[in-house]
Amino acid sequence: MSSKNILVTGGLGFIGSHTVVELINAGYFPIIIDNLSNSDLKVLDGIEKITGKKPVFYNLDILQTDDLEKILNVNNISSVIHFAAYKAVGESVEKPLDYYYNNVSGIISLLKAMQNSNVKNIIFSSSCTVYGQAADLPVTERTPLIKAESPYGNTKKICEEILYDFSKTGNVKVVSLRYFNPAGAHKSSLIGELPLGIPNNLIPYITQTAAGLRNILTIFGNNYNTPDGTCIRDYIHVVDLALAHVKSVEFINKFTDNYEVFNIGTGKGTSVLEIVNTFENINFVKLNYSIGERRKGDIEQIWADCKKANSLLGWEAKLDISDIVKDAWNWQKQLD
Ligand code: NAD
Ligand code: UD1
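This is a predicted model, so every value here is computed, not measured.

Novice: Help me understand the overall build of the protein chain, please; the structure alone is not making it clear to me.
Specialist: Looking only at helices and strands, one finds eleven helices and 13 strands in the protein chain. Counting only C-alpha atoms, the protein chain reaches 55 × 45 × 40 Å along its principal axes. The 336 residues of the protein chain split such that 55% are buried. Put simply, 81% of the contacts in the protein chain that link residues at least 6 apart link residues at least 24 apart. On the protein chain, roughly 15000 Å² of surface is accessible, and the fraction owed to carbon and sulfur atoms is 50%. Between the centroid of the 32 positive side chains of the protein chain and the centroid of its 36 negative side chains there is a distance of 3 Å.

Novice: Help me understand the environment of D40 in this model?
Specialist: By the secondary structure assignment, D40 is in the loop between β2 (29–34) and α2 (42–51). Note: C-alpha distance between D40 and A242 (202 residues apart in sequence) is 19 Å. Among the polar contacts listed, one links the side chain of D40 to the backbone nitrogen of K42, at a separation of 2.8 Å.

Novice: Help me out: how do you make sense of the sheet that holds strand β1 (residues 5–9) in this one?
Specialist: Read across the sheet, seven strands follow the order β3-β2-β1-β4-β5-β6-β11 without closing on themselves; strand pairing throughout is parallel. Each edge of the open sheet is held by one strand with a lone partner, namely β3 (56–59) and β11 (259–264). Averaged over neighbouring strand pairs, the angle between their axes works out to 20° when direction is ignored. Where β2 lies against β3, four bridges are found, and the strand directions are parallel. Across the sheet, the residue bridging to D34 is N59, located in β3. Strands β1, β4 (79–82), β5 (121–127), β6 (173–179) and β11 of the sheet are contacted by helix α8 (residues 238–254), whose axis makes an angle of about 160° with β6.

Novice: It is not clear to me how the site of ligand 2 should be interpreted in this structure. Could you clarify?
Specialist: The environment of ligand 2 is formed by 21 residues, the closest being S127, T218, R233, R295 and D298. Here N181 contributes a side-chain N or O atom positioned 2.9 Å from an oxygen atom of ligand 2. N201 places a side-chain nitrogen or oxygen 3.1 Å from an oxygen atom of ligand 2. If ligand 2 stood free it would expose 730 Å²; the protein chains cover 86% of that surface. Contributing elements (two or more residues each) for the shell around ligand 2: β7 (181–183), α7 (202–210) and β8 (217–220). Residue composition of the shell around ligand 2, grouped by class: twelve nonpolar, six polar and three charged.

Novice: Mind showing me how you'd approach the site of ligand 1 here?
Specialist: In the neighbourhood of ligand 1, 26 residues make up the surrounding shell, with D34, N38, S39, N102 and Y152 lying closest. Contact between ligand 1 and D34: an oxygen atom at 2.6 Å from a side-chain N or O atom of the residue. With respect to ligand 1, the side chain of N38 contributes an N or O atom lying 2.7 Å from an oxygen atom. Calculation on ligand 1 without its partners gives an accessible area of 820 Å², and the protein chains cover 95% of this total.

Novice: Help me understand the packing of α7 against helix α9 (residues 272–283), please; the structure alone is not making it clear to me.
Specialist: Between two packed helices, what matters for the description is the angle formed by their axes and the separation of those axes. At a minimum axis separation of 11 Å, α7 and α9 run at an interaxial angle of 40°. Considering their axes alone, α7 and α9 lie oblique with respect to each other. The crossing of α7 and α9 is right-handed. Contacts from L202, I203, I206, T207 and A210 in α7 reach V272, I275, V276 and F279 in α9. Here the contact of α7 with α9 is built from residues that sort into eight nonpolar, one polar and no charged.

Definitions and limits used
Residues numbered from 1 in each chain as written. Chains lettered and ligands numbered in written order. Predicted model: local features only at pLDDT ≥ 70, side-chain atom pairs only at ≥ 80, totals over all residues. Heavy atoms only, no water. Helix = DSSP H or I, 4+ residues; strand = E, 2+ residues; numbered from the N terminus. Buried < 20%, exposed > 50% of the residue type's maximum accessible area, 1.4 Å probe, protein only. Contact = heavy atoms within 4.5 Å. Areas by Shrake-Rupley, 256 points an atom, 1.4 Å probe, with all protein chains shown as cover. Lys, Arg positive; Asp, Glu negative; His and termini not counted. Charge placed at Lys NZ, Arg CZ, Asp CG, Glu CD. Polar contact = N/O pair within 3.5 Å; in protein donor to acceptor, adjacent residues only side chain to side chain. Pairing = 2+ DSSP bridges. Axes fitted to C-alpha atoms, helices over the stretch in contact; angles between N-to-C directions. Near = heavy atom within 4 Å. Nonpolar A, V, L, I, M, F, W, Y, C, P; charged D, E, K, R; others polar. Parallel < 35°, antiparallel > 145°, perpendicular 65-115°, else oblique. Left-handed = near helix turned anticlockwise from the far one by under 90°.

Rendered as structure tokens:
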């Protein structure tokens, strides 16, 4: 039987920390690698408070292949969940080389270390950004991919291709998870999202505006071809997303092929105005907002077909946008 030791790169980040909690809840032993470039050591305390267990943590950059290899060997790792990457779309346009180096060289370093230490299973954080604006909705895993809008998006596409090519050698088994829009926080409010500077994403911008850290939320356009004119996305609660990783670890141990890709969303599209209204109604908070110009590069609408994840992973999202805005707001309130 394979070991229950799972290496989690970027395990102190937003999605990584929630996944570590759910792995522990499911009886796994997560071992975290993070260079703290976008996270804080305090997250480890939050994980311990929730689960009663403090996972092993290495402050390491995934570009350090030799050290990675030692960690893989010493800890008898059965699968790797790979979150460590830079993720700010705007910053990737300003600093493309930093993004290609960290995200693409990073995965190559990790795969070399895995090959050298004979670790076969990897679960990768991809993104719905690889679909761009699809002609037909919802998008399935067979929807054609388009040229990426940003260097960040391109790193996800390139990493999927590297993983696919490497899987064909028989050296690894790969599960690529294409996340839709992750949001929310753990219901304990002990872990959540910690955006650096001004948030780009909708939900942290809303909670910071409600908390008085931002004056006003600008809704980027209300003249799209959607029922209320605002953009539509598929918002997925971070705890549901974390559970998709636990299911993927179970799946990757059993499946006989070398490469699978899954959409991880709720299957439901929600507009920006619906999110704003739900936030106000669930939390009894009035939000200061106005309608502004469209944001360059935004797609009009996307949501996921998740039937493949439902049937092969045995996973489906259980939480909805009410849970997302409630948990995100509770997390924000205790940050103040
Ligand atoms: P995050 O920034 O909160 O977490 C990433 C973690 O990786 C951070 O703790 C950071 O310190 C660490 N890290 C970065 N580079 C590293 C390196 N070279 N070595 C070691 N550690 C490193 O981001 P997140 O929101 O938790 O996202 C996790 C993954 O999911 C990323 O790959 C991201 O691109 C992907 N993703 C995120 C979203 C989203 O909206 N949050 C959507 C789709 C895909
Ligand atoms: C972002 C990323 C994308 C990633 C996806 C999933 C960008 C440009 N793209 O896209 O690469 O795959 O998350 O995590 O960052 N909005 C406002 N006002 C705001 C902020 C957002 O109206 O202040 C709107 C946006 O126009 C969009 C929706 O809210 O319609 C969601 O925005 P955001 O949270 O940034 O996610 P995505 O645009 O889907």
